[in-house]
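The lines below spell out each chain.
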Amino acid sequence: MADASALLEPQIPALRRYAYALLRDHDLADDLVQDTLERALSRWAFRRDDGDLRAWLFAIQRNLYVSRWRQRRRRGTPVALDEAPLPGVAPRQEATMEVHDVLAALDQLPEEQKSLLLLVGVEDFSYDDAARLLGMPVGTVMSRLSRARQRLRAIVETGRTTLLRRVK
Amino acid sequence: MTGGPDAIIEDDLQAYVDGRLDGARLAAVEAYLAQHAEVRERVVLEQRQRAALRGQLEAKFAEPIPPRLWIANIQAARRRRLRRWTGAAAAGLLLFTVGAGTGWMAGRRGTDLAATTAAPTTAVAQNASAAYRTFVVEVAHPVEVDAQHQAHLLQWLSRRLGKPLVAPDLGHFGYRLMGGRLLPGGRGAAAQLMYEDAGGRRLTVYVRAAEGSETAFRFQHEGEASTFAWIDQGFGFAVTGALPREELLPIAEAVYHGFAGDTDAVRKN
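1. A few points about the interface of chain B and chain A
Think of interface size as the accessible area that goes away when the parts come together; that is how it is often given. Each partner contributes to the interface: chain B provides 47 residues, whereas chain A provides 55 residues. Carbon and sulfur atoms make up 58% of the surface buried where chain B meets chain A, a total of about 4,700 Å² over both sides. Remark: the boundary between chain B and chain A carries 7 salt bridges. For Arg16(A), the salt bridge identified is with Glu63(B), shortest N-O distance 3.0 Å. Taken together, the connections running from chain B to chain A amount to 20 residue pairs in polar contact (both at pLDDT 80 or more). Where the side of chain B that touches chain A is concerned, the elements lending two or more residues are helix H1 (10–17), helix H3 (37–62), helix H4 (71–89), helix H5 (103–108) and helix H8 (245–268) of chain B.

2. Examining the side chain of Thr227(B)
Tracing the backbone through its elements, the reader meets Thr227(B) in strand E6 (residues 225–232). A polar side-chain atom of Thr227(B) sits 3.1 Å from a polar atom in the side chain of Thr240(B).

3. A closer look at the pattern of salt bridges
Within this structure, the stated rule accounts for 23 salt bridges over all chains. For Asp30(A), the salt bridge identified is with Arg16(A), shortest N-O distance 2.9 Å. One end of the pair, Asp30(A), is in helix H3 (residues 26–42); the other, Arg16(A), is in helix H2 (residues 12–23), and 14 residues separate them in sequence. Just as Asp30(A) is buried, Arg16(A) falls in that class too. The partner of Arg42(B) in a salt bridge is Glu46(B), with the nearest N and O atoms 3.5 Å apart. Within this pair, Arg42(B) and its partner Glu46(B) are both found in helix H3, separated by 4 residues, close to a single helical turn. Residues joined by salt bridges that share partners form a network here, namely Asp124(A), Arg149(A), Asp18(B), Arg50(B) and Arg54(B).

About the cut-offs
- Residues numbered from 1 in each chain as written.
- Chains lettered and ligands numbered in written order.
- Predicted model: local features only at pLDDT ≥ 70, side-chain atom pairs only at ≥ 80, totals over all residues.
- Heavy atoms only, no water.
- Contact = heavy atoms within 4.5 Å.
- Buried area = accessible area lost by both parts, 1.4 Å probe.
- Salt bridge = Lys/Arg side-chain N within 4 Å of Asp/Glu carboxyl O.
- Polar contact = N/O pair within 3.5 Å; in protein donor to acceptor, adjacent residues only side chain to side chain.
- Helix = DSSP H or I, 4+ residues; strand = E, 2+ residues; numbered from the N terminus.
- Buried < 20%, exposed > 50% of the residue type's maximum accessible area, 1.4 Å probe, protein only.

Written as structure tokens, this is what we have:
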């Protein structure tokens, strides 16, 4: 297992990013990544040598999140959209406000759409890889991606209207 | 957005948002967007939101990896856990002795999960499940030889199986060895070890010779019985119990990891 460390470590920043986007809590996100890595190490010998390590790890993490973490999170205190910290945001210009809380808006999407937007839009998985990872045909990936972006637009739009109303 | 094969469809627009078009298709989408201001506006917004999301998560990606996620630390913690478990299991350790040193992990490197033959594992799981159903309900004679004669039991089963067999100690999970029996299995003999917890719940560990390449755990559910089965070095193993998958898995994994952990600890010490 000597090579596990060298192969796994470069993948950790992206796994942490995905976990954080799903959980929106730094400690919980690292708990999830730790679970993922432990699981990966215990299954290391079953991994396909020619397989895509990154996709394998993301699949493990996503499955763990769906099977265990989502419930744990739901039991926790939900962070209201307004209270969610928005790092580095100066909500002065219209253009900034329009997009500034995409991460918070993402939170309101169902897990599948959320994962899809993260895996394709942030982690740069190909549509085919995303389809395999999420266990759906690639055609479904395309239509759900479109729907997810449509919903995200609507959520951000609504949030913006609320924000503007409050400012007035 | 309907029409001939060159018509721009929603998939094209999504691929455009993701920057995954090139050549003629990219040019076609750009031409289309130039003529459809409303669609263009929407696509630009989606692009901007995509970029914003990436931007918001950039800092997270750039963070240094905290020590608790260092692989070396996770591996060390795993070894500690395994050793503790092995320690707790003490005398009657769970191990099916499968050739010292090499270990299953090393033996399985490169195993193609998708290509491994499912059939032998399934057969082992089915045999184990059938044997479980037959004997677990047995009140008078659940086992042929009871745990008081453990040495004799294991010697006998090992000889008939052609494999040195040690009874796993599942005390960690609250299960104590009741005993075992010999069964017909595959083309030879099979051994069934039965365990019981304080509440009278029983589970079995089943071993017999099996063909086929080495496999990962396979899960099977039949009636009330859940089974995890796998094949290694010419033998099929199965752990069966009336337990939900998530409760049975750690027990099956303990059997597996107990062995892997033991060889690991030996190598490190």
